[in-house]
Amino acid sequence: MIAPLIKSSLEVICGPMFSGKSEELIRRLRRAHYAKLSVAVFKHQLDDRTAIDHVASHNGTLLAAQPIRSAHELEPFIFGETQVIGIDEVQFFDLEIINVICKLIARGKRVIVAGLDLDFKRRPFGPMPTLLAIADEVTKLKAICLECGTDAHFTQRLVDGAPAQYHDPVVMVGAQEQYQARCRNCHRIDLQPPF
Ligand code: ADP
Ligand code: ZN
C-alpha cells in the first residue's frame, strides 16, 4: 500500500479532564500509523523530574511520545518526511507553540493537538483560545460530572477533598490534590469565573 497524500491542517481536541482527549488523539494517530503515514508524537513535560514518554488515556491506552518542555524542542524532531504531528497537553506550552504549529502547517504537515480549553478557574488555558480560533477542525469533548452524572465541561480542583480557592497556588506543598470532571451546576470555586 502506498501512503495517501495528506492535506495540511490543524485539528484541536479540547474539553475538561477525563473527557477523552488523549483517547481521541491516540485514535487519530493510530489511524495515521495504519495508513503508513510518518507520525511524530509529543507530550508536554511539566517539570524535569518526570519524563513521561507516552501519551496516556485514563482508559489505560498508551502511545509512545517524545516529552518536551518548550515549543522549540519540537522542531529538531520534525523531518521533511514527517506527515502527521500529535501534541498532547498542548495547553501547558507558552504562546510560542502557536508560531511553531503555524510553521508546521505551512510546511504541509497535519497537526493534531489535544488540551484543556479551560483551567480549574474556568479561564481559557494558555495558547488554547488562539489554537481553537485558527484550527481547521475543533472537537470539544465532554466528560461525565462526578456529582450528578450529566455532561461535564469543567475541571474541579480539590485540595484535601475541598474545592480549591481561586487564588490557591498552583503547587500546594504537602496537600492532597485531586481533579474531577464537573458540570456547570456542580463546579465550585469561591470567585465567580467570567464564563
Ligand atoms: P482526557 O485526556 O480528556 O483527560 P482520557 O482520554 O485520559 O481523557 O480519559 C478518558 C477516559 O477516562 C474515559 O474513556 C473513561 O474510561 C475514563 N473516565 C474516568 N472518569 C471519567 C468521567 N468522569 N467522565 C468520563 N470518562 C471518565
Ligand atoms: Zn453536575
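This structure is a prediction, so every number in the text was calculated from the model and none was measured.

Participant: Would you mind going over the coordination of the zinc ion (ligand 2) in detail, with residue names and values included?
Facilitator: Reference values for coordination geometry: four tetrahedral donors around a metal ideally subtend 109.5 degrees, six octahedral donors ideally subtend 90 or 180 degrees. Here the zinc ion (ligand 2) is held by Cys-145 (SG), Cys-148 (SG), Cys-183 (SG) and Cys-186 (SG), and the distances to it run 2.3 to 2.4 Å. Here the zinc ion (ligand 2) binds four donor atoms, and the angle range of 100 to 117° at the metal identifies the geometry as tetrahedral. Linear spacing of the donor residues for the zinc ion (ligand 2) on their chain is C-x2-C-x34-C-x2-C. Judged by its relative accessible area of 41%, Cys-148 falls in the partly exposed class.

Participant: Lay out the site of ligand 1 with the relevant residues and their values.
Facilitator: Near ligand 1 lie 14 residues; those nearest to it are Lys-21, Glu-23, Ser-57, His-58 and Ile-144. In the model, an oxygen atom of ligand 1 is placed 3.1 Å from a nitrogen or oxygen of the Ser-19 main chain. At 2.9 Å, a backbone N or O of Gly-20 approaches an oxygen atom of ligand 1. Of all elements in the fold, only helix 1 (21–34) and strand 9 (143–144) reach the threshold of two or more residues within the shell around ligand 1. No other element matches helix 1, which puts three residues into the shell around ligand 1. Here the residues of the shell around ligand 1 are counted per class, giving six nonpolar, six polar and two charged.

Participant: Can you tell me about the side chain of Arg-122, naming the residues and giving the values?
Facilitator: With respect to the helices and strands, Arg-122 occurs in the loop between strand 7 (110–116) and helix 3 (128–134). Asp-119 provides the closest opposite charge to the buried, salt-bridge-free Arg-122, at an N-O distance of 8.3 Å. When residues no more than four places from it in sequence are discounted, the contact partners of Arg-122 are Phe-154, Arg-184, His-187, Gln-192, Pro-193 and Phe-195.

Thresholds applied
- Residues numbered from 1 in each chain as written.
- Chains lettered and ligands numbered in written order.
- Predicted model: local features only at pLDDT ≥ 70, side-chain atom pairs only at ≥ 80, totals over all residues.
- Heavy atoms only, no water.
- Donors = N, O, S within 2.8 Å, 3.2 Å for Na, K, Ca; no water.
- Tetrahedral: all angles 85-135°; square planar, octahedral: opposite > 155°, others 65-115°.
- Buried < 20%, exposed > 50% of the residue type's maximum accessible area, 1.4 Å probe, protein only.
- Near = heavy atom within 4 Å.
- Polar contact = N/O pair within 3.5 Å; in protein donor to acceptor, adjacent residues only side chain to side chain.
- Helix = DSSP H or I, 4+ residues; strand = E, 2+ residues; numbered from the N terminus.
- Nonpolar A, V, L, I, M, F, W, Y, C, P; charged D, E, K, R; others polar.
- Lys, Arg positive; Asp, Glu negative; His and termini not counted.
- Salt bridge = Lys/Arg side-chain N within 4 Å of Asp/Glu carboxyl O.
- Contact = heavy atoms within 4.5 Å.

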